[in-house]
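Understanding the architecture of this molecule
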Amino acid sequence: LHKAKYTIEAPRLILEPGKKKPKRIMTTIGLIDLPNRKRKLRELKELLARPDIKKVMQSTYDLHRFEQLLGPYELNSYSMDIQAGGHVLDENTYQMASLDELQRGFTDMKTNQKRLFSVEGYDKGDMLSVPPAKLTQYAGADADGTRQVAMSIRRQLLKDIRTANYYVELVMPVTQHVIYT
């Protein structure tokens with residue numbers, strides 16, 4: 001911790017002496033500042049503001065995380081919240097649905113990234129302990145799954161122009177507005 005530029009409190013799985021099962025315990029974790037961190041955050045902020053690049057996200061959780069990471073930021077061309085889109089198409093099946101649930105319902109993807117991740121011995125609740133190469137692989141699969149679900153939801157929404165208009169004109173603006181009130 002003495003070399004850390006930042007510290008955070010995060011839950012970590014700790015195997016206590018004499019116990020067989022690890023327990024999730026809040027732990028102080030030291031973080032270093034990478035040399036290009038500020039540049040990468042600036043690039044992310046610029047990307048979010050660009051109106052020529054459509055943004056697709058799992059849910060409003062992503063918007064909260066961006067705000068925590070970047071502070072105030074401008075978001076343009078936020079075209080789809082897949083969790084909200086799934087709910088519009090089938091409110092009984094997709095209530096606060098996970099990416100895995102949405103992938104099973106809207107794509108032919110058979111791989112459950114979260115399950116594979118845990119089978120390999122990684123805890124999604126402790127991403128700081130994951131080696132960078134595995135984290136990159138997981139993030140890439142997550143982004144691809146989100147994109148595939150979004151494309152499928154978009155096709156289904158466009159089958160009924162009234163449902164599509166409801167999603168575009170009411171659901172997306174309300175989703176974005178509610179997050180900031």
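Let us look at the structure shown here.

The rules behind the values
Residues numbered from 1 in each chain as written. Predicted model: local features only at pLDDT ≥ 70, side-chain atom pairs only at ≥ 80, totals over all residues. Heavy atoms only, no water. Core = buried A, V, L, I, M, F, W, Y, C linked by side-chain atoms within 4.5 Å. Buried < 20%, exposed > 50% of the residue type's maximum accessible area, 1.4 Å probe, protein only. Helix = DSSP H or I, 4+ residues; strand = E, 2+ residues; numbered from the N terminus. Contact = heavy atoms within 4.5 Å. Phe/Tyr/Trp six-rings, centres within 6.5 Å; stacked < 30°, edge-to-face > 60°.

1. Digging into the nonpolar core
Nonpolar side chains in soluble globular proteins generally cluster together in the buried interior. Grouped together as the largest cluster of nonpolar side chains are 26 residues, with contacts concentrated most on Ile82 and Tyr167. For this core, the secondary-structure elements that each account for two or more residues are α1 (37-49), α2 (60-70), β4 (78-81), α3 (82-89), α4 (99-106), α6 (132-157) and α7 (161-179). In contact with Ile82, other than residues within four places in its own chain, are Val56, Met57, Gln58, Leu99, Leu102, Thr146, Val149, Ala150 and Ile153.

2. Structural notes on unusual backbone geometry
Across residues other than glycine, the phi torsion is negative in most instances, and most of the peptide bonds are trans. Backbone geometry at Ser77 places phi at a positive 60°, although glycine is not the residue there. Here Ser77 is to be found in the loop between α2 and β4. One non-glycine residue, Met96, adopts positive backbone phi at about 55°. Within the secondary structure, Met96 sits in the loop between α3 and α4.

3. Points about the packing of aromatic side chains
Evaluation of the coordinates by the stated rule reveals two aromatic pairs. Between Phe66 and Tyr73, the aromatic rings sit 6.1 Å apart at their centres with planes inclined by 70°, giving edge-to-face as the arrangement. Take Phe66: its relative accessible area is 19%, and that puts it in the buried class. Note on Tyr94 and Phe106: the rings are 4.9 Å apart at their centroids and 35° apart in plane angle, and the pair reads as tilted. One end of the pair, Tyr94, is in the loop between α3 and α4; the other, Phe106, is in helix α4, with twelve residues separating them in the sequence. Residue Phe106 is classed as buried on the basis of its relative accessible area of 9%.

By themselves, these are just geometric observations and shouldn't be taken as functional.
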